[in-house]
Amino acid sequence: MKVSIIIPVYNVSQYIVRCLDSVCVQTFPPFECLLIDDCGTDNSMEVAKQYIQKYTGPIHFKIISHECNQGQGVARNTGIHAATGDYVFFIDCDDAITPDCIETLAALANKYPEVDFVQGNTIKGTGCLISHRFNRQVPEYCNNREELEKLILFDTVTTVWNRLIKRSFLIEHSLFFPEGIANCEDQYWIYFLAKKTTSAAFTNRGTYFYYINANSSTTSRSNSYIKKRVEWHLMTAKTIYDDLVMSERPIGRNHRRYFANFLCNCMFQLCQSHSLKQWIVFWKMSGKIFNVISKTRYGLCYYLSTMPPLCFFMIFNSWRWRIRHYIVNNI
């Protein structure tokens with residue numbers, strides 16, 4: 001089995017050595033590691049190049065450079081196309097993996113060669129190490145579609161990293177990341193991953209260190225970035241909704257529930273945006289989604305409460321539950 005580790009690199013000069021250190025101490029046989037230079041503004045790539053020049057072990061490092069910054073999703077796509085391994089594994093460049101990460105996941109992949117991917121758990125820690133783990137003890141193997149969708153969408157970590165994925169599976173089903181969307185590209189990708197996966201293997205053992213990066217886009221609180229984040233959420237919500245209504249086969253409750261959760265999150269993001277333009281985009285999209293809801297008893301009240309700026313009601317768990325319930329049962 002040949003494995004390709006893919007690491008998009010962008011403005012992580014203070015973390016990149018930690019990430020590469022964790023890759024270089026893997027107990028798995030030789031593999032390739034692709035660093036995708038996404039044209040950052042700091043010296044991340046200089047640090048990475050110096051590190052690789054000093055490295056003398058069996059790992060084959062390869063650097064692929066973009067001509068301009070295109071975002072983490074596109075960088076991952078570049079890695080998928082350039083990889084030569086049977087399996088690919090994504091690491092965010094400000095995170096790290098355990099020394100036996102690839103060996104543990106590869107052992108499961110060898111045990112269940114038919115699975116589309118193998119997923120590990122994250123390490124629970126303190127300080128800047130986030131506790132972002134599975135919601136429950138998960139089975140080692142699953143090929144039941146309904147249970148598998150629930151595992152992927154709700155019970156495990158809905159991120160692209162910490163999965164050993166068959167490259168042929170990604171290529172066959174065009175499971176690439178969207179261009180022009182950041183911050184929620186993982187949620188976009190997970191929705192379609194759950195649709196296409198026929199079997200998967202899981203380990204409750206922690207294999208990934210997920211850290212808080214104070215300078216990352218996900219922690220930004222600037223007004224301009226909040227508006228950009230809302231735009232990305234709206235684009236993702238529309239794409240998922242269009243797929244739901246245009247699907248050739250009945251969409252299961254898990255996918256509808258996932259969309260409902262995402263849409264509620266989108267409304268919560270809208271609470272922080274003061275852009276009338278973005279509110280109008282949401283009104284147009286949600287008008288189709290809530291068309292049936294608004295005709296039911298009290299439905300109009302629910303519908304109006306989801307409209308910016310009234311969607312501040314989304315901060316209440318009980319209200320989010322009601323909205324999700326209506327969406328799931330009326331799409």
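Here's what I pulled together on the structure shown here. (Residues numbered from 1 in each chain as written. Predicted model: local features only at pLDDT ≥ 70, side-chain atom pairs only at ≥ 80, totals over all residues. Heavy atoms only, no water.)

**With respect to the overall build of the protein**
For the record, the criterion: Elements are defined by DSSP. Helices are runs of H or I of four residues or more, strands are runs of E of two residues or more, and each kind is numbered from the N terminus. Each residue gets one of three labels from its accessible area relative to the maximum for its type: buried under 20%, exposed over 50%, partly exposed in between, using a 1.4 Å probe on protein chains only. Note on definitions: a residue-residue contact is assigned when non-hydrogen atoms from the two residues lie within 4.5 Å. Accessibility throughout is a Shrake-Rupley quantity obtained with a 1.4 Å probe, and a residue counts as covered only by protein chains that appear here.
Summing up its helical and strand segments, the protein has twelve helices and nine strands in all. For the protein, with 331 residues in total, the buried portion stands at 54%. Of the contacts formed within the protein by residues at least 6 apart in sequence, a portion of 79% connects residues at least 24 apart. Accessible surface, the protein as shown: approximately 15,100 Å² in total, 53% of it carbon and sulfur.

**Observations concerning a nonpolar patch on the surface**
For clarity, the cut-off: Exposure above 30% relative accessible area and the absence of a salt bridge qualify a residue for a patch, where like charges join within 9 Å and nonpolar side chains (Val, Leu, Ile, Met, Phe, Trp, Tyr) within 5 Å. The rule for a salt bridge is simple: a side-chain nitrogen of Lys or Arg has to be within 4 Å of a carboxyl oxygen of Asp or Glu.
Where nonpolar side chains cluster on the molecular surface, the patch consists of L276, I280 and W283 and spans about 260 Å² of accessible area. Along the chain, W283 falls in helix α10 (residues 276–289).

**Things to note about the nonpolar core**
Filter applied, for reference: To define a nonpolar core, start from buried Ala, Val, Leu, Ile, Met, Phe, Trp, Tyr and Cys residues and group those joined through side-chain atoms within 4.5 Å.
The biggest cluster of nonpolar side chains holds 100 residues, and the ones touching the most others in it are I5, I7 and F89. Element by element, the count of residues in this core is highest for helix α9 (residues 253–271), at nine residues. Setting aside chain neighbours within four positions, we find I7 in contact with C19, L20, V23, C33, L34, L35, I36, I91 and C93.

**Digging into the packing of aromatic side chains**
Test applied: Note on aromatic pairs: the rings of Phe, Tyr and Trp (six-membered ring only in Trp) are paired at centre separations within 6.5 Å, and the planes decide the class, stacked below 30 degrees, edge-to-face beyond 60, tilted for the rest. Remark: a charge is flagged as sitting over a ring if the NZ atom of Lys or the CZ atom of Arg is within 6 Å of the ring centre and within 35 degrees of the ring normal.
For the structure on display, the rule yields twelve aromatic pairs. Pairing Y191 with Y258 gives two aromatic rings, centres 6.4 Å apart and planes at 25°, and the pair type is stacked. Of this pair, Y191 sits in helix α7 (residues 185–196) while Y258 is found in helix α9, placing the two residues 67 residues apart along the sequence. Each member of the pair Y191 and Y258 is classed as buried. Each member of the aromatic cluster is reached from another via a ring pair, and the members are Y188, Y191, F192 and Y258. One Lys or Arg, R18, reaches over the ring of Y211 and ends 3.6 Å from the middle of that ring. When the ring centre of F154 is taken as reference, the NZ or CZ atom of R257 above it lies at 3.7 Å.

**Looking at the pattern of salt bridges**
As enumerated under the stated definition, the model contains ten salt bridges in all. One salt bridge connects K238 with D242, and the closest N-O pair in it is separated by 2.9 Å. Taken together, the positions of K238 and D242, both in helix α8 (residues 223–246) and four residues apart, correspond to about one turn of that helix. Accessibility expressed as a relative area gives 44% for K238, which makes it partly exposed. Within this structure, R76, D92, E185 and D186 form a network of salt bridges that share partners.

**Remarks on the side chain of E32**
Mapping E32 onto the fold places it in strand β2 (residues 32–37). With near-sequence residues (within four places) excluded, E32 lies in contact with V3, S4, I5, H60, A83, T84 and G85.

**Structural notes on the pairing of strand β3 (residues 60–65)**
How we decide: When DSSP finds two or more bridges between two strands, those strands count as paired. Here is how to tell: hold the view so the strands point away, follow the path from the first strand over the helix to the second, and if it runs clockwise the crossover is right-handed.
Sheet topology places β2 next to β3; six bridges connect them, and they run parallel. The residue of β3 that forms the bridge with L35 is I63. For the segment spanning β2, helix α2 (residues 44–54) and β3, crossover handedness is right-handed.

**Overview of the packing of α7 against α9**
We count it as follows: Note on definitions: angles span 0 to 180 degrees between N-to-C directions of axes, and those axes are lines fitted to C-alpha atoms, for helices only across the stretch in contact. Throughout this description, any angle smaller than 35 degrees is read as roughly parallel, any larger than 145 degrees as roughly antiparallel, any in the 65 to 115 degree range as roughly perpendicular, and the remainder as oblique. Side-chain classes follow a simple rule in which Ala, Val, Leu, Ile, Met, Phe, Trp, Tyr, Cys and Pro form the nonpolar group, Asp, Glu, Lys and Arg form the charged group, and the remainder, Gly included, forms the polar group.
Packing of α7 against α9 brings their axes to within 11 Å, and their N-to-C directions diverge by 175°. As far as their axial angle goes, α9 and α7 are roughly antiparallel. Seen from α7, the contacting residues are Q187, I190, Y191, A194 and K195; seen from α9, they are H255, Y258 and F262. In terms of residue class, the contact of α7 with α9 is made up of five nonpolar, two polar and one charged.

**Brief notes about the environment of T239**
For clarity, the cut-off: In protein, a polar contact means a hydrogen-donor-capable atom and an acceptor-capable atom, both N or O and within 3.5 Å, with residues adjacent in sequence counting only if both atoms are side-chain atoms; elsewhere, any N or O pair within 3.5 Å suffices.
You can see T239 is positioned in helix α8. For T239, a relative accessible area of 27% corresponds to the partly exposed category. Taking C-alpha positions, T239 is 8.3 Å from Y188, a pair spaced 51 residues apart along the chain. Within the structure, T239 has its side chain in polar contact with the backbone oxygen of M235 (distance 2.9 Å).

**A word on the pairing of strand β8 (residues 163–166)**
Alternating residues of β8 divide into R163 and I165 and L164 and K166, and every residue in both groups is buried. As paired strands, strand β4 (residues 87–90) and β8 are joined by three bridges and run antiparallel to one another. Each residue of the ladder has a partner; that of F89, found in β8, is L164. Note that strand β6 (residues 117–122) and β8 share three bridges and pair antiparallel. Within the sheet, the bridge partner assigned to F117 lies in β8 and is I165.

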